[in-house]
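# Per-entry structural report
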Amino acid sequence: MSSVGANPSKPVPRILVFSTHNISDPGIDLAGSQHRHYSTGVQVISVPCTSGIRPGWIAHAIERGYDGVFIASDGDECAYLPDCSHRASGIVQEAQELLKKSGKDPQRVKMAAICSVCAEPFAKHMESFSGILAGLNASGAK
Amino acid sequence: MDYDVLVVGSGIGGMESALKLGDMGYKVLLVEREGSVGGRMILLSKVFPTLDCASCISTPKMASTIHHPNITAMTYGEVDGIRRDKNGRFHVQVRQKARYVDEAACTGCQQCETACTVAVPDQFNADLVARRAAYIPFPQAVPKKAVIERQGTSPCTNTCPAGIKTHGYVSLIRSGKYEEAFQRVADVTPLVATLGRACYAPCEDQCTRGELEAPIPIRRLKRFAADTHYGRKDLPNVDRPQANGKRVAIIGSGPAGLTAAWQLARQGYGVKIFEAEPQPGGAMRLSIPSYRLPVEALERDIANVTALGVEIATSTRVTDLDKLRSDGFDAVCVATGTPSSAKLRVDGEDLAGVQSALSFLRDIKLGAKPNLAGKTVAVIGGGNVAIDAARSAQRLGATAVHQICLERRGEMPAHTWEVKEALDESVQLHDGWGIAGFTGNLEVEAVDLKRCTAVFDAEHKFRPQYDDSDRQSIRCDLAIVAIGMGVDTAAFPKLAPNGSRALQANPQTLQTSLPWVFAAGDAVDGPTSIATAVGKGNRAAYMIDRYLRGLELGAFEGIDDRLGVMDKSQVLARQKSYTPRKVIKLSLPLSAHPQDFAEIEPPMTEAEARAGSGGCLDCGVCSECGQCVETCPADAIHLDMKEKKQEVEVGAVVVSTGYKLFAADLKPQYGFGKYPNVITAMQMDRLLAPTRPFNTILRPGDGKVPERIAYIMCTGSRDKTVDNPLCSKFCCMYSVKQNQLIMGALPLADVTVHYMDIRAAGKRYEEFYDQAKSMGATYVKGRVAKISEKDDGNLVVRYEDIENGGNLVEAEYDLVVLAVGVQPNKDPVGLFPEEKLALDDYSYVAELDEDLNPGRTNIPGVFVAGTASGAKDIVDSILHAGAAAAQVAAHLEEQAQAQRETTQAKMKVLA
């Protein structure tokens, strides 16, 4: 599947998205249902809670060829933990530290709150993140 | 005690009560009727006055409810009854409805929805669009698990004696899945082409569409699927299973024998059919004339059986069952049908030229076609075989064919259409005559008749009465007798007979007096039909398989998985009206003097098949087409799943069953249900919601984006004519909310609101109303008397303009939105069969002291939360549900304290 307007000769940054089962994943699903356009390089894995993501997973994904990792978090609305946002930001920071240590650009990790109907914001996030990653790749950054 | 609290209903009120009680540490059982928690709020666009996204703020609450460690949420469940014991505890009958989906395995991928062949109105989109019978309620459903909606077994499927999923293959054809339709029939029997031509289609008699213009042409649809399949070049294309090492002998290759062989061979059994006649197929091959069932059609069906590895030994009569055993067969199925003919037992029956219909038809099918040119033929009998014989005689050139039967035309056992077709082909019917005898010198010359005055006695037993004074004689050169068929019981002396006319077998297991021998079809039942024999062949295969695997034979669930049959009136009541469909008529090219045995019935065209199947009303909702089962990548769908009932003990009950929306068609002057561009506010909320069905606002009639939109307030509220004098409290504000959202989405649209009073009592509500006015919404005070529709779908609203002189004015709009009010939900009354749950004067659940003790009902320990007790907006519902939770907690603590005091008192006594 190729997105409208995509240049087939230009490599599309690969983005791994961590969504959450009940909140951000339906929003991402809705982006598809509404035929919103975002990069074909996006792949989504749904998890119960953002706090369960391990920084090592993020570093591993970058190590194995993803250009960036996007965490579609529940924000303050997590069904499991009232301090989920705080924990999630800690996870992102740790992941960025891991990336720095391995010489990778920490901008390759991004997090934003995505609600259950945030189809349009998600598509915009993907568009801008894809642009950032394309820039990083073009500049030769790791 | 299993749970501290039962909460019935998971709208915003039920969720709030459950969460608050869970947070306090109480164990909560939450029972929700639908497949997801969330109630109505999750379906709304935004909430007033903050214009927060309803989905965004509902979903976290829904997720919290499902994942809360102290809450057990049962979705797609029902509370059947609640009984309070003397200790004040409640015993609750809870039923987990069959979801037909393993929740643990379902990943919510929605592939079952895509594969499903049934579309029904989507209640989660206020019926604006369709959903599938396999569905996830809405994109934000929690849990996001599929449900297969099965309301019952469709009448067509229920009545099929073969056990074919009739509704299933009809819905597959409707979806263009012709090969899948063929395979759905082939799941039951290899005789797809045969049944597509020669079945008497009892399904069509039961078709609910028949209550409208005409039943759908179910049999011909099956033939269409068969014709399409057999038009392929890669046939027979049958997967041969791995042999399981066991062998079964089947005696007889009629519908029961072939079906049993088909089913057993598909399970890996080595099957050999022994057929006494020179050709396989039994009565289908030898008795049904080719103009009804061409030999080639039957041969194609049989080729599938032999392609599975089934051997057919023709011209091989078997009578020694023990020899089969010694030849290595582990089980035997006797399916020899009814090959013998009944005799009239009258004078002259032994004359040459008096012949049984079975032998007459057999001779023709085996190629020995007698030349009847210049001859007169008398056919005796009023059944289908007699009709076949008479019409065959016509084709062989007979000068005249007389059909004589005891019954009057309307009583004849032959189908009405068959009698008509015979008459159209110049068969002369002599109804109401019995046979006195045959006369002739060595050869028959005439048949003598006597008037039959009654065929059945008062108990409807066959006991013909005659008037011997009323007689006539018909000259004939050939007399064909078709008055009944029988079983050759003498062929198997070791099997116990059932009287003189059939073999004896257990009606459930089909096992005979010899445990390893089973008997099926007409050999046991006497003359029936192809479909009935197919059904028995299936049963025999099922039982033989169980017998050979050493399993109990008494388990019948696997062979009859029908639910209760759907009530036709219930099906028809789903829609307010039906547009008559064009009937796919069958016009047979009948000749008054047919010359050959070419097949009469033409095949269906694809367009006819799609149009014919398109009339299906999906009576049972799920058609059992099986596509979801085949598609599900997680093997999560199990159509044999059963509902589960259990009794739980709880300490308190919260009734949070919500409200019902006013049924707008009860105000016929507004035209809802009649004019497509009159919609309800709930439908408008769906058009505005982020998960909206069309991704824009349009009017349902023609898909046009509306430019002039009218709101009619107080539809069903403050209206004694519909028995609801109460204000519904939130209609004004949701209308104001929608006005703002419409003007945001369609900046050029004009919005006019016809109102009695705007009730904006609440924090920032009046400001919210002012904001709508400042955005351009027009508010016109006065009641609307009538709405009428113009040819272009626009609507003319006639109303009283109070603020401009009270004149009657008419205005034209593209779309009219009815701001429907709240109606009480009386369902909670049925929850308490032993104690009456009190309702207030307006039929809401009564609160004993709503000023000071909100939430308490007349039953101690039962509380009400949210709109079950009266109209409330979301904020008030949450407040009320919180209050109810506090009342529950106080009640449980009082009970616990009383329990402690009782225990202490007992200990003192013991001490």
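Within any chain, residue numbers begin from 1 and follow the written order of that chain's sequence. For this description, chains carry letters from A and ligands carry numbers from 1, given in the order in which they are written. Only residues with pLDDT of at least 70 are given local features in this predicted model, and only at 80 or more are side-chain atom pairs given and counted; all residues enter the totals for whole chains, interfaces and linings. Side-chain descriptors were evaluated using all non-hydrogen atoms of the structure, hydrogens and water having been removed beforehand.

Looking only at helices and strands, one finds four helices and four strands in chain A. Start at the N end of chain A and walk to the C end: the helices and strands fall as β-α-β-α-β-α-β-α. For a compact globule the rule gives 2.2 Å times the number of residues to the power 0.38, and the radius of gyration it is set against comes from C-alpha atoms. Rg of the C-alpha trace for chain A: 15 Å, near the compact-globule value of 14 Å for 142 residues, within the 12% margin. We score Asp and Glu as negative and Lys and Arg as positive, and we do not count His or the chain ends. Charged side chains are reduced to one point each, which is NZ for Lys, CZ for Arg, CG for Asp and CD for Glu. Considering chain A, the positive charge centre built from 13 side chains and the negative charge centre built from 13 side chains are found 9 Å apart. Only runs of H or I of at least four residues qualify as helices and only runs of E of at least two qualify as strands under DSSP, and these elements are numbered from the N terminus.

Moving on, we get to the sheet that holds strand β14 (residues 311–313) of chain B. All names here are of chain B. Pairing between strands is defined by DSSP: at least two bridges between the two strands are required. Spatially, five strands are ordered β14-β13-β12-β15-β28 in an open sheet, and the strand pairing comes out parallel. Bordering the open sheet on either side are β14 and β28 (517–519), each of which pairs with just one other strand. Between one strand and the next, the sheet's axes are offset by a mean angle of 20°, whatever the strand orientation. Contact definition: two residues touch when any of their heavy atoms are within 4.5 Å. All axes here are fitted lines through C-alpha atoms, helices being fitted over the stretch that makes contact, and every angle between N-to-C directions spans 0 to 180 degrees. Helix-sheet contacts for helix α10 (residues 255–266) involve β12 (247–251) and β13 (270–274), and the interaxial angle to β13 is about 165°.

Moving on, we get to the interface of chain B and chain A. Of the residues lining the interface, 16 residues belong to chain B; the matching set on chain A comes to 12 residues. Note: buried area is the sum, over both parts, of the accessible area (probe 1.4 Å) each one loses when the two are combined. Both faces considered, chain B and chain A share a buried interface measuring about 1200 Å² in area, 57% of it formed by carbon and sulfur atoms. Salt bridges are identified by distance alone: a Lys or Arg side-chain nitrogen within 4 Å of an Asp or Glu carboxyl oxygen. Our count for the chain B to chain A interface comes out at one salt bridge. For aspartate 29 of chain A, the salt bridge identified is with lysine 144 of chain B, shortest N-O distance 2.8 Å. Here a polar contact is taken to be a pair of N or O atoms separated by no more than 3.5 Å, where protein atoms must pair a possible hydrogen donor with a possible acceptor and residues adjacent in sequence count only if both atoms sit in side chains. The interface formed by chain B and chain A contains seven residue pairs in polar contact (both at pLDDT 80 or more).

Quick look at the confidence of the model for chain A now. Here chain A averages 89 in pLDDT, while 94% of its residues score no lower than 70. The predictor's confidence in any single residue is recorded as pLDDT, a number from 0 to 100. When the criterion is pLDDT under 50, residues 1–6 of chain A qualifies, and its contacts beyond four places in sequence or with other chains add up to five contacts.

Okay, the nonpolar core next. Residues and elements named next belong to chain B. For our purposes a nonpolar core is just a set of buried Ala, Val, Leu, Ile, Met, Phe, Trp, Tyr and Cys residues, chained together by side-chain atoms within 4.5 Å. Only protein chains enter the area calculation, which uses a 1.4 Å probe; residues under 20% of their type maximum are buried, those over 50% are exposed, and those in between are partly exposed. Within the largest apolar cluster, 70 residues are counted, with the highest numbers of intra-cluster contacts made by Tyr169, Ile173 and Ile250. Sort the elements by how many residues they give to this core and helix α18 (residues 530–548) lands first, with nine residues. Once residues lying within four places of it in the same chain are set aside, the contact partners of tyrosine 169 are Ile164, Ala181, Arg184, Val185, Ile218, Leu221 and Lys222. The next biggest cluster of nonpolar side chains, apart from the first, holds 61 residues, and it includes Cys714, Tyr769, Ala811 and Val822.

Moving on, we come to the pattern of salt bridges. Side-chain pairs of opposite charge can arise whenever the charged atoms involved come near each other. Residue and element names in this part refer to chain B. What the rule picks out here adds up to 63 salt bridges over all chains. One salt bridge connects arginine 391 with glutamate 425, and the closest N-O pair in it is separated by 2.8 Å. With a gap of 34 residues between them, arginine 391 in helix α15 (residues 384–395) and glutamate 425 in the loop between α16 (416–424) and β20 (428–431) connect regions that are remote in the sequence. Here lysine 461 and glutamate 459 are joined by a salt bridge, their closest N and O atoms 3.7 Å apart. Overall, the relative accessible area of 60% leaves glutamate 459 in the exposed class. Through salt bridges with shared partners, a single network forms among Arg197, Arg219, Arg223, Asp227, Glu599 and Glu601.

This part is about the packing of helix α1 (residues 12–23) of chain B against helix α2 (residues 54–67) of chain B. Each pair of packed helices can be summarised by the angle the axes make with each other and by the distance between the axes. Residue and element names in this part refer to chain B. In contact at an axis separation of 10 Å, α1 and α2 are set at 50° when each is read in the N-to-C sense. By the angle between their axes, α1 is oblique relative to α2. Pair α1 / α2 crosses with left-handed handedness. From α1, Ile12, Met15, Glu16 and Leu19 reach across to α2, where they touch Lys61, Met62, Ser64 and Thr65. Note on residue categories: nonpolar means Ala, Val, Leu, Ile, Met, Phe, Trp, Tyr, Cys or Pro, charged means Asp, Glu, Lys or Arg, and polar means any other residue, Gly included. A class-by-class count of the residues in the contact of α1 with α2 yields four nonpolar, two polar and two charged. In these notes the angle categories are as follows: under 35 degrees is roughly parallel, over 145 is roughly antiparallel, 65 to 115 is roughly perpendicular, and the rest is oblique. Each crossing gets its handedness from the near helix: less than a right angle anticlockwise from the far helix is left-handed, clockwise is right-handed.

All names here are of chain B. With respect to topology, five strands assemble into an open sheet ordered β31-β38-β32-β33-β34, the strand pairing being parallel. Each edge of the sheet is formed by a strand with only one pairing partner; in this case those strands are β31 (678–680) and β34 (778–781). Neighbour to neighbour, the strand axes of the sheet diverge by 25° on average, direction disregarded. Against the sheet, helix α23 (residues 731–745) engages β32 (708–715), β33 (750–755), β34 and β38 (815–820), with an angle of about 170° to β32.

Disulfides are defined as pairs of cysteine sulfur atoms found within 2.5 Å of each other. What the rule picks out here adds up to zero disulfides over all chains. Unpaired in this structure, cysteine 78 of chain A has its nearest cysteine sulfur neighbour in cysteine 49 of chain A, at a distance of 3.6 Å.

Right, let's get into helix α9 (residues 218–230) of chain B. Given a helix with a known number of residues, its expected span is that number minus one, times 1.5 Å. The terminal C-alpha atoms of α9 of chain B lie 19 Å apart, and with 13 residues this matches the ideal 18 Å at 1.5 Å per residue to within 8%. Along α9 of chain B, 11 of the 13 residues are buried, which leaves the element largely enclosed by surrounding structure.

The next point concerns the packing of aromatic side chains. All names here are of chain A. In this analysis, rings of Phe, Tyr and Trp, with Trp reduced to its six-membered ring, are considered paired at centre separations within 6.5 Å, and the interplanar angle assigns stacked below 30 degrees, edge-to-face beyond 60, and tilted for intermediate values. Scanning the model with the defined rule gives 18 aromatic pairs over all chains in all. When the ring of phenylalanine 18 is compared with that of tryptophan 57, the centres are 6.2 Å apart and the planes differ by 40°; the resulting orientation is tilted. Highlighted residues: phenylalanine 18 in strand β1 (residues 15–20) and tryptophan 57 in helix α2 (residues 55–63), separated in sequence by 39 residues. On the basis of relative accessibility, which here comes to 5%, the residue phenylalanine 18 falls in the buried class.

Moving on, we get to α16 of chain B. All names here are of chain B. Turning to α16, its buried residues are Glu418, Val419, Glu421 and Ala422. Down the axis, α16 shows its buried residues gathered within 160° of arc, on one side only. Packed against the buried residues of α16 are α15 and β20. Looking one or two residues beyond α16, the residue adopting positive phi is serine 426, at roughly 80°. Directions pointing from the helix axis toward each C-beta atom define the arc.

A regular strand places its side chains so that they alternate between the two faces of the sheet. All names here are of chain B. Direction of pairing for strand β1 (residues 3–8) relative to strand β29 (residues 644–655): parallel, over a ladder of five bridges. Opposite tyrosine 3, over in β29, you have valine 650 as the bridge partner. Note: strand β7 (residues 90–96) against β29, seven bridges, orientation antiparallel. Note on β29: the bridge partner recorded for glutamine 96 is lysine 644. Bridge analysis of β29 against strand β40 (residues 862–864) gives three bridges, and the strand direction is parallel. Paired with valine 653 across the two strands is valine 862, which belongs to β40.

Residues and elements named next belong to chain B. Cis geometry marks the peptide bond from phenylalanine 48 to proline 49; its omega dihedral reads -5°. Structurally, the position occupied by proline 49 is in the loop between β3 (46–47) and β4 (52–53). The peptide bond linking valine 142 to proline 143 adopts the cis configuration, its omega dihedral lying at 0°. With respect to the helices and strands, proline 143 occurs in the loop between β10 (134–135) and β11 (147–148). Phi angles above zero are rare outside glycine, and leucine 442 is one such case at about 70°. Within the element layout of this structure, leucine 442 appears in the loop between β21 (433–441) and β22 (443–456). In this structure, leucine 510 takes a positive phi of about 65° despite not being glycine. Since its relative accessible area comes to 4%, leucine 510 is described here as buried.

Before going further, it helps to spend a moment on the pairing of β7 of chain B. All names here are of chain B. Taken across its seven residues, β7 has five buried, putting it largely inside the fold. With seven bridges connecting them, strand β6 (residues 77–84) and β7 associate as antiparallel partners. Considered in β7, the bridge of arginine 83 is made with histidine 91. What sits between β6 and β7 in their antiparallel hairpin is a turn of five residues, with glycine 88 showing a positive phi close to 85°.

Residues and elements named next belong to chain B. Relative to the helices and strands, aspartate 468 resides in strand β23 (residues 462–475). Overall, aspartate 468 belongs to the partly exposed group, its relative accessible area being 46%. The spacing of aspartate 468 and glycine 434 is 34 residues in sequence and 9.8 Å in space, taken between C-alpha atoms.

Residues and elements named next belong to chain B. In the contact formed by α10 and helix α12 (residues 295–307), the axes pass within 9 Å of each other and the chain directions differ by 35°. Handedness of the crossing formed by α10 with α12: left-handed. Across the interface between the two elements, Leu258, Ala261 and Trp262 from α10 touch Ile302, Asn304 and Val305 from α12.

Residue position: asparagine 22 of chain A is located in the loop between β1 and α1 (24–33). Only 2.5 Å separates the side chain of asparagine 22 of chain A from the side chain of histidine 67 of chain B, close enough to count as a polar contact. Beyond its immediate chain neighbours, meaning those up to four positions away, asparagine 22 of chain A contacts Ser116 of chain A together with Thr59, Ala63, His67 and Val142 of chain B.

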